[in-house]
Structure formats: structure tokens, C-alpha cells
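# Coordinate analysis (summary)
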Amino acid sequence: MRTSSIRRTCAALAAVTSLALAATACGGTTKSDVKKESGAAASAGKADPNAPTKKGLTVGFLPKQVNNPYFTTADKGGQKAVEALGSTFKEVGPTSATDTSGQVSYVNTLTQQQVDAIAVSAQDPGALCTALKQAMKNGVKVVTYDSDTKPDCRNVFVSQAGAEDLGRTQVQLLAEQIGYKGEIAILSAAQTATNQNLWIDYMKDELKDPKYKDVKLVKVAYGNDDAQQSFQQTQGLLQEYPKLAGIVSPTTVGIKAAAQYLSGSKYRGKVKLSGLGTPNDLRSYVKNGTVEAFELWDPAKLGELAGHASVALASGQITGKEGQTFEAGELGTYTIGKDGVVDLGKPTVFDKDNIDDFDF
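A short tour of the structure in this document, coming up. (Residues numbered from 1 in each chain as written. Predicted model: local features only at pLDDT ≥ 70, side-chain atom pairs only at ≥ 80, totals over all residues. Heavy atoms only, no water.)

## Regarding the packing of helix α6 (residues 227-240) against helix α7 (residues 252-263)
Look at α6 against α7: their axes get within 8 Å of each other, and the N-to-C directions meet at 55 degrees. On the basis of their axis angle, the class for α6 and α7 is oblique. Viewed along their axes, α6 and α7 form a crossing whose handedness is right-handed. Contact with α6, carried on its side by Ala227, Ser230, Phe231, Thr234, Gln235 and Leu238, involves Val253, Gly254, Ala257, Ala258, Gln260, Tyr261 and Leu262 of α7 and no other residues of that element. (Axes fitted to C-alpha atoms, helices over the stretch in contact; angles between N-to-C directions. Helix = DSSP H or I, 4+ residues; strand = E, 2+ residues; numbered from the N terminus. Parallel < 35°, antiparallel > 145°, perpendicular 65-115°, else oblique. Left-handed = near helix turned anticlockwise from the far one by under 90°. Contact = heavy atoms within 4.5 Å.)

## Quick word on helix α1 (residues 69-84)
For an α-helix the count is 3.6 residues per turn, leaving residues at separations of three or four pointing the same way. With 16 residues, α1 ought to run about 22 Å at 1.5 Å a step, and its terminal C-alpha atoms sit 23 Å apart, in line with that. Of all the positions in α1, only Pro69, Tyr70, Phe71, Thr73, Ala74, Asp75, Gly77, Gly78, Ala81 and Val82 are classed as buried. Lining the buried residues of α1 we find β1 (58-62), β2 (88-91), β4 (141-145) and α9 (299-314). With a side-chain oxygen lying 3.0 Å from the backbone nitrogen of tyrosine 70, the N-terminal cap of α1 falls on asparagine 68. Where α1 terminates, the next one or two residues include glycine 86, which has phi positive at roughly 85 degrees. (Expected span 1.5 Å × (residues − 1). Buried < 20%, exposed > 50% of the residue type's maximum accessible area, 1.4 Å probe, protein only. Polar contact = N/O pair within 3.5 Å; in protein donor to acceptor, adjacent residues only side chain to side chain.)

## Some points on the sheet that holds strand β7 (residues 215-222)
Within a sheet, each strand pairs with its neighbour through backbone hydrogen bonds, oriented either parallel or antiparallel. Strands sit in the order β7-β6-β8-β9 across an open sheet of four strands; the sheet is parallel. Of all strands in the sheet, those bounded by a partner on one side alone are β7 and β9 (272-275). The average angle at which neighbouring strand axes cross in this sheet is 25 degrees, direction not considered. The pairing of strand β6 (residues 182-188) with β7 spans seven bridges and is classified as parallel. Residue pairing for β7: alanine 185 is matched across the bridge by lysine 219. Along the sheet, α6 contacts β6, β7 and β8 (244-249); its crossing angle with β7, the most-contacted strand, is approximately 145 degrees. Running over the sheet, α7 touches β6, β8 and β9 and is turned about 165 degrees from β9. (Pairing = 2+ DSSP bridges.)

## Considering the sheet that holds β4
With parallel pairing, six strands are arranged side by side in an open sheet as β2-β1-β3-β4-β5-β13. Lying at the two open borders of the sheet, with one neighbouring strand each, are β2 and β13 (341-343). Within the sheet, the average angular offset between the axes of one strand and its neighbour, ignoring direction, is 20 degrees. Note that strand β5 (residues 156-159) and β13 share three bridges and pair parallel. Paired with serine 159 across the bridge in β13 is aspartate 343.

## Let's talk about unusual backbone geometry
One non-glycine residue, glutamine 114, lies in the positive phi region at around 60 degrees. Here glutamine 114 shows up in the loop between α2 (100-112) and β3 (117-120).

## Some details on the nonpolar core
Note that soluble globular proteins tend to have their nonpolar side chains buried in a common cluster. Ranked by internal contacts, the top residues of the largest apolar core, which has 81 residues, are Tyr145, Val158, Trp297, Leu305 and Phe326. By residue number, the principal contributor to this core is α9, which donates eight residues. Filtering out sequence-adjacent residues up to four positions away, phenylalanine 326 remains in contact with Leu305, His308, Ala309, Ala312, Ile318, Gly332, Thr333, Tyr334, Ile336 and Val342. In this structure, Val92, Leu128, Met136 and Val140 belong to the second largest nonpolar core, which totals 15 residues. (Core = buried A, V, L, I, M, F, W, Y, C linked by side-chain atoms within 4.5 Å.)

This is how it looks when you write it as C-alpha cells:
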């Protein structure tokens, strides 16, 4: 499979840098940790890789949360792809990242509007399934991006990177910064977040390696992808574990909130912080020494790939079966993997040496 590296020119986040704790952010899953319950919807029907790309389609993007800088960037990427292919893009979604019933309602509405495809970042792996299966019965193609559902509830999942890569590399980054010694904590999003839990499983597995024998995971805290809660959880961790050496936060909301707390405290530069974040959110914290290095994928490219996959499905070029390939414009050619998963590529590490090369 082709892996696409993050480019240095990305869609900028409008007014992101003016948001302090107001910005909420990425959920994201990678390959789902939910076992396939039945024959995947992905394998239904036959694909014609030579079928012409249909024009005049309508593709609805349903992020976990609208007006969220991360998803704003991702969905702009989706819009770029869909419109370049001659179809109509629309974005709908809840204003809260934990409003699962709201996401279900939007799926139902898009189905009633007879859109050709839905690209959704699922707040919960199972809660959307009934609505998404109904959409597919009505002929709507379903792509999940950033955060997956159960495999039989969609056709294709566009994953930002391999779950194992993300989980292990986050631990590796933090361990290097603390000299492979000391107590660490994880500041996650919601306890039900598929992506967070899968990454944390790989983090814990990585920590079993003998080289981490002097690193101790003391707690997994949850900020629910809420800036203020994440800020408070960071404060609570440092009160409960005064010898804490580092925090890894696999959510852009969490790492930004933690950075804000650490930056204004006696712990700046002493308690290391890493995880998943955006360059625009963390640039000032990298420059003032609060954050040494962190990682992420390019959300604009993630949305762009989801847009291409949606149109390819609606055009009958792919069904989601393992081994099928499709063209994704300037991103290149992608191959569908097991359970209908398509990986965007490996994450990029950002630090003081390269952070000014990126704008998202």
C-alpha cells in the first residue's frame, strides 16, 4: 500500500490560534478494535475499477463535532476532493463531541435526503450502527474517517495511521524525553472512544518491553475531549502524583490543555508532555519549552482521502473489499486492507526544528 507523507502545505485553521481553551479536537481512531460481527458490508456487490467517476453526487460529511478546528481542517480536505471530482459536498454534525444521539439523528437526516455517500467520524463504535445500516440498505455508501464504527456498519474506514504505530510511537517519544525513567500518565478523551482505547492498549503493550523497566504508568485520566476538563485533569494528575515525569495525551484537545496548564506552572520543562497535537495549537508551547516533541497526521489529507473513497464507492469503482485499489488524486493510489481499512500513512513528529514548516 502506498503511504502518503504529510505535506508542508495544509489548509489553515481559520482563527484557531485565537482560541485558548475553547478549541475542541480530534477523536480519531485507527483500525477498529471491534471484531467483525458478520459479513462486512464492505464486501457486498461487485466493483468495476474501470467504471467512470460519477459526477453530480452528494457526499455528506458528519464529523464528531462541527466548528472543531481539527474537523474543520479535515472536512475542508473532503470538500476539496469531492468538488474536484464534480460532486457536491455538505457538512452537518453536532456541536458537542459526545452527542452520540445527535450524530444518529444526522445520519437519519442524510439518509432521508438521499445523499449518495456519508463520511462520518463516529463518536461511538456501535451507537451509529443501526442508522448506518439503514442508510446502506437505502443505497447510501458509508465511509468512516478518523474514528471507526464496527466493520459491518460501513463500507470503508479511512484510518489516519496504523493504530499500533500511533500507540507505540507516542510512548517512544515520551520515554526518550524522560530518559526511560519515571512515572507517566495518560490523558485521554472519553472512556468510550474507540481510538483512544486502542492506542492505549498498544501503549501498555509497548511498556512491557524491558527497555521501559524503569517507566511506570500510574494512571489513565479522561478529559472527555473538553478543554476545561482536560486542563483540570492535568492539574489533578500533578497533585496526585507529584513525582510525575511525563504525560502522553493522544488527543489534540487534551495535549493543548495540558500544555496550557504546564506552561503557566512550576512544572514547565520538568514534566514532559507528548502525544497527538496540531502544529498551530502547540507552536508557542514548543517554542517556550513546555513541549519538546509530539506527532500527528495531516487532517486535511485524511478528509481528502475520505472524500475520494466516498466518490469511488458511489461510482462503483470499489466496494470495500480487501485488495481493491482506487485513485485519490494527488494523494496517489491506495489499497484497501483487511476489514475495509485504508491507511493514510505514518504520523509525522513535530519539534522546534520543523514546526514552522507546517500550518494546520
